[in-house]
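Examining the three-dimensional arrangement
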Amino acid sequence: MPLLHSVQLDPFSSLGIWQIDEPTEALQQLLPSYINVEKLKHLHPKREREWIASRVLVYELLKNFTAEQLILQRNEHGKPYFPDASLHISITHSPQLAAVIISEKYEVGIDIELITQKALRVADKFLSEAEKRYTAENEQETCLFWSAKETLYKLYSRKQLIFKENLAIRPTPEHNVLQGQIKTGFFDKLYQIHHDQIQNHVLTYCISY
C-alpha cells in the first residue's frame, strides 16, 4: 500500500499523499465495496487509474474522521463533498501521485503539479507582472505559483475566477509558505498556502482558518 505520507495538520484536518504504483484492477480492490466504479468506463485508462487512486486515498484518510459508509459526490461547481457528513475535502492527482486533504471544520484546497516547462509556456495567462518578477522565469517557481493558484481556486470553489486578476500569490519570510489572496468585487481574503516538493512535483495546500 504506497501511502507515502499522512499527517495531522491540526486537530481537525488531515493530509495524505499516495504513490500510484498499482494497476487499476488492484486499486479497485482497495476501494470500499459500496463504491461503484462502473461510471468510470468512459474515462481514458490513465485517468481512470488516477481517479481510483485518489479515491482510495480519500477513504483511507476518512478513517480518521468516521466509520460511516459515505459516498463522495460533486456539487454544482464540481467541488467534491460528502452529502451525509459535515466534512470539507479537496483532491488532486497526477499520473504518479495523488493527494487529499480533509477537514471537519475548515474549507480546504490542495493541488499537485509535475514540474515541467508547461507552466512557463502559459505563464502570461495566469501570472501578473509582479508575480513574474517573483518567479523570474524559473520553471519550478512558476509551477509553484500555478499550483498555489489552483489550490486557491479549489478552496474558493465557486468558479468565475480569473487566475491573473482574482488570485494573487506573494512570497513570505516563512519557509515553505506563500501568501495567497482571493479578490473579487464582493470577496477579499488573505490565506497562507503551504508548499513542498516531492518526486519532481510541487504540492500546495491551504486551510481557511
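Please read all numbers here as calculations on a predicted model, not as lab measurements.

This brings us to the side chain of T151. Inspection of the secondary structure assignment puts T151 in helix α6 (residues 139-156). Reaching out from T151, the side chain makes a polar contact with the side chain of T204 at a distance of 2.7 Å. If sequence neighbours within four positions are ignored, T151 has contacts with G109, I110, D111, T204, Y205 and C206.

Take the pairing of strand β2 (residues 13-19) next. Counting buried positions over the seven residues of β2 gives seven, a clear majority of the element. Burial along β2 is two-sided: S13, L15, I17 and Q19 and S14, G16 and W18, pointing in opposite directions, are all buried. Relative to β2, strand β1 (residues 3-10) runs antiparallel, the two sharing six bridges. Bridge pairing links Q8 to S14 in β2. Where β1 hands over to β2, the hairpin turn is made up of two residues, counted between the paired strands. Sheet topology places β2 next to strand β6 (residues 97-103); seven bridges connect them, and they run antiparallel. From the neighbouring strand, G16 faces β6, where its bridge partner is V100.

Attention now goes to α6. Along its 18 residues, α6 runs 26 Å from first to last C-alpha, staying within 8% of the 26 Å computed at 1.5 Å per residue. Counting buried positions along α6 gives 13 out of 18 residues, so the element sits mostly inside the fold. Two or three places before Q140, at the opening of α6, N138 has a side-chain oxygen 3.0 Å from that residue's backbone nitrogen. Just beyond α6, the residue with positive phi is S157, at close to 60 degrees.

Strand order across the open sheet formed by four strands is β1-β2-β6-β5, with antiparallel pairing between neighbours. In this open sheet, the two strands that pair with only one neighbour each are β1 and β5 (88-93). On average, adjacent strands in this sheet sit at an angle of 10 degrees to one another, irrespective of strand direction. Strands in contact with helix α2 (residues 45-62) are β1, β2, β5 and β6; relative to β6, the strand with the most contacts, it is inclined by about 35 degrees.

Okay, the nonpolar core next. Ranked by internal contacts, the top residues of the largest apolar core, which has 25 residues, are W18, V58, Y59, F82, I89, V100 and I102. Those elements that provide at least two residues to this core are α2, β5 and β6. Take this core: its biggest share by element is nine residues, from α2. For V58, the contacting residues outside a window of four places in its chain are L72, F82, I89, I91, V100 and I102.

Mapped onto this numbering, the UniProt entry gives "domain: 4'-phosphopantetheinyl transferase" (unreviewed entry) at residues 108-206. End-to-end, the C-alpha atoms of residues 108-206 are 6 Å apart, and along that stretch the chain is 37% helix and 36% strand.

Let us look at the packing of aromatic side chains. All told, the structure shown has eight aromatic pairs when counted by the stated rule. Considering the side-chain rings of Y34 and Y59, the 6.2 Å spacing of their centres and the 90 degrees angle between planes classify their relative orientation as edge-to-face. Of the two residues, Y34 sits in the loop between α1 (24-30) and α2 while Y59 sits in helix α2, which places them 25 residues apart along the sequence. Among the residues examined, Y34 registers a relative accessible area of 26% and is labelled partly exposed. Ring centres of Y134 and F145 lie 6.4 Å apart, and the angle between their planes is 40 degrees; this geometry places the pair in the tilted category. Residue Y134 is found in helix α5 (residues 129-135), and its partner F145 is found in helix α6; the two are separated by eleven residues along the sequence. Accessibility expressed as a relative area gives 41% for Y134, which makes it partly exposed. On the basis of relative accessible area, F145 is assigned to the buried category, the value being 1%. Grouping aromatic residues by their ring pairs yields a cluster made of F12, Y106 and Y209. Residue placement shows R158 over the ring face of Y156; its charged tip is 4.0 Å from the ring centre. The side chain of R158 reaches across the aromatic face of F187, ending 5.7 Å from its centre.

Rules used in this analysis
Residues numbered from 1 in each chain as written. Predicted model: local features only at pLDDT ≥ 70, side-chain atom pairs only at ≥ 80, totals over all residues. Heavy atoms only, no water. Helix = DSSP H or I, 4+ residues; strand = E, 2+ residues; numbered from the N terminus. Polar contact = N/O pair within 3.5 Å; in protein donor to acceptor, adjacent residues only side chain to side chain. Contact = heavy atoms within 4.5 Å. Buried < 20%, exposed > 50% of the residue type's maximum accessible area, 1.4 Å probe, protein only. Pairing = 2+ DSSP bridges. Expected span 1.5 Å × (residues − 1). Axes fitted to C-alpha atoms, helices over the stretch in contact; angles between N-to-C directions. Core = buried A, V, L, I, M, F, W, Y, C linked by side-chain atoms within 4.5 Å. UniProt positions renumbered as here; feature names shortened; annotations may be inferred. Phe/Tyr/Trp six-rings, centres within 6.5 Å; stacked < 30°, edge-to-face > 60°. Lys NZ or Arg CZ within 6 Å of the ring centre and 35° of its normal.

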